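Examining the three-dimensional arrangement
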Amino acid sequence: MDAKNANVKAWPLQGLSDHVRAAPTPAVPRPAREEAEAAVRTLLAYIGDDPNREGLLDTPKRVIGAFDELYQGYRECPAEVLDRTFGETAGYDDFVLVKDISFNSHCEHHMMPFTGRAHIAYMPVERVVGLSKLGRLVDVYAKRLQTQEHMTSQIATAINEILKPRGVAVLIEAEHTCMAHRGVAKQGATTVTTHFTGVFRDDPKELVRFMTMLRGAHG
Ligand SMILES: Nc1nc2c(ncn2[C@@H]2O[C@H](COP(=O)(O)OP(=O)(O)OP(=O)(O)O)[C@@H](O)[C@H]2O)c(=O)[nH]1
Ligand SMILES: [Zn+2]
């Protein structure tokens, strides 16, 4: 694609959902890093270990450093991720499918990891987005506390509102460690969630084509 034909800012801010338009506004003031590290020391004592033993002295600092990475999505804006589109598609008039986008997220109930793959298709109208941006969009939402259902619909809504395609299909399959490593302890159970808009919701033929490309002979 021709970089000269790239369009910066495909999206007017009006009419976008709050979660698409901007990074979330913190509902409570963000504690200082030292406070967060002190909270980790409290948890270490709670589980029955000694926060002052040598092996754990730097652990609070490491845990908060890891949190900064794992929850980076609270400081990122979905609209900005999708703000560059390309118009030179040489008459391409079918859907674009990116399969097997791996992600790691954390469930909002237990703060335990759930990991899996997102599959995203959209039917472009004139302009397409860089393929890597779909992976970046998945990460913006994955790197927050989530439910799989919420993340699925947020990804589809962001693509729908910004690119205004003829349809979006998002299918996510994931394993939840809170269900595999504790509680009911069912390892290998996979949860599948979907969100369809436009032609994927209204035209059964397009839905079948999407599922066939995902699972069928071309998969
Ligand atoms: N719908 C949905 N549920 C989730 C997700 N991640 C975790 N959960 C579930 O959230 C539920 C929380 O249930 P609670 O009864 O409040 O918590 P709990 O006592 O820890 O539940 P158990 O996991 O059954 O021990 C559990 O059933 C989890 O499996 C998700 O992404 N979507
Ligand atoms: Zn959970």
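Residues numbered from 1 in each chain as written. Chains lettered and ligands numbered in written order. Predicted model: local features only at pLDDT ≥ 70, side-chain atom pairs only at ≥ 80, totals over all residues. Heavy atoms only, no water.

Protein ligation of the zinc ion (ligand 2) involves Cys-107 (SG), His-110 (ND1) and Cys-178 (SG), the donor distances falling in the range 2.1 to 2.3 Å. Sequence spacing of the donors to the zinc ion (ligand 2): C-x2-H-x67-C. For Cys-107, a relative accessible area of 4% puts it in the buried group. (Donors = N, O, S within 2.8 Å, 3.2 Å for Na, K, Ca; no water. Buried < 20%, exposed > 50% of the residue type's maximum accessible area, 1.4 Å probe, protein only.)

The N-to-C vectors of helix H2 (residues 33-47) and helix H3 (residues 59-70) enclose an angle of 115°; their axes lie 8 Å apart at closest approach. In terms of crossing hand, the pair formed by H2 and H3 is right-handed. Two secondary-structure elements touch here, H2 through Arg-33, Ala-36, Glu-37, Val-40, Arg-41 and Leu-44 and H3 through Thr-59, Pro-60, Lys-61, Val-63, Ile-64, Gly-65 and Asp-68. Its residues assigned to classes, the contact of H2 with H3 shows six nonpolar, two polar and five charged. (Axes fitted to C-alpha atoms, helices over the stretch in contact; angles between N-to-C directions. Helix = DSSP H or I, 4+ residues; strand = E, 2+ residues; numbered from the N terminus. Left-handed = near helix turned anticlockwise from the far one by under 90°. Contact = heavy atoms within 4.5 Å. Nonpolar A, V, L, I, M, F, W, Y, C, P; charged D, E, K, R; others polar.)

Our focus in this paragraph is the packing of aromatic side chains. Summed over all chains, the structure comprises six aromatic pairs. For the pair Phe-103 and Phe-114, a centre-to-centre distance of 6.0 Å together with 80° between the ring planes defines the contact as edge-to-face. Pair noted here: Phe-103 is in strand S3 (residues 96-107) and Phe-114 is in strand S4 (residues 113-122), with a separation of eleven residues, a long-range link. Neither Phe-103 nor Phe-114 differs from the other in exposure class; each is buried. (Phe/Tyr/Trp six-rings, centres within 6.5 Å; stacked < 30°, edge-to-face > 60°.)

Let us now look at the UniProt feature "domain: GTP cyclohydrolase I" (unreviewed entry) in the protein chain. Residues annotated by UniProt as "domain: GTP cyclohydrolase I" (unreviewed entry) correspond here to residues 37-214. Across residues 37-214 one finds 42% helix and 25% strand; the C-alpha atoms that close the span lie 44 Å apart. (UniProt positions renumbered as here; feature names shortened; annotations may be inferred.)

Glancing now at the pattern of salt bridges. Throughout the structure, instances matching the rule amount to ten salt bridges. Between Arg-30 and Asp-68 there is a salt bridge, and its shortest N-O distance comes to 3.7 Å. Pair noted here: Arg-30 is in the loop between helix H1 (18-21) and H2 and Asp-68 is in helix H3, with a separation of 38 residues, a long-range link. The partner of Arg-215 in a salt bridge is Glu-173, with the nearest N and O atoms 3.3 Å apart. With Arg-215 in helix H9 (residues 204-215) and Glu-173 in strand S7 (residues 168-176), the pair connects residues that are 42 residues apart, well separated along the chain. Within the structure, one salt-bridge network assembled from shared partners comprises Arg-30, Arg-33, Glu-37 and Asp-68. (Salt bridge = Lys/Arg side-chain N within 4 Å of Asp/Glu carboxyl O.)

For the rest of this paragraph, the subject is the environment of Thr-85. Tracing the backbone through its elements, the reader meets Thr-85 in strand S2 (residues 84-86). Take Thr-85: its relative accessible area is 2%, and that puts it in the buried class. When the C-alpha atoms of Thr-85 and Cys-107 are compared, they prove to be 32 Å apart, with 22 residues separating the residues in sequence.

Let us look at the packing of helix H5 (residues 131-142) against helix H6 (residues 148-163). Interhelical geometry of H5 versus H6 gives an angle of 135° and a closest axis separation of 10 Å. What the angle tells us is that H5 and H6 run oblique. Judged by the twist between their axes, the crossing of H5 over H6 is right-handed. Mapping the contact onto sequence places Leu-134, Leu-137, Val-138, Tyr-141 and Ala-142 in H5 and Met-151, Gln-154, Ile-155, Ala-158 and Ile-159 in H6. Of the residues contributing to the contact of H5 with H6, the split by class is nine nonpolar, one polar and no charged. (Parallel < 35°, antiparallel > 145°, perpendicular 65-115°, else oblique.)

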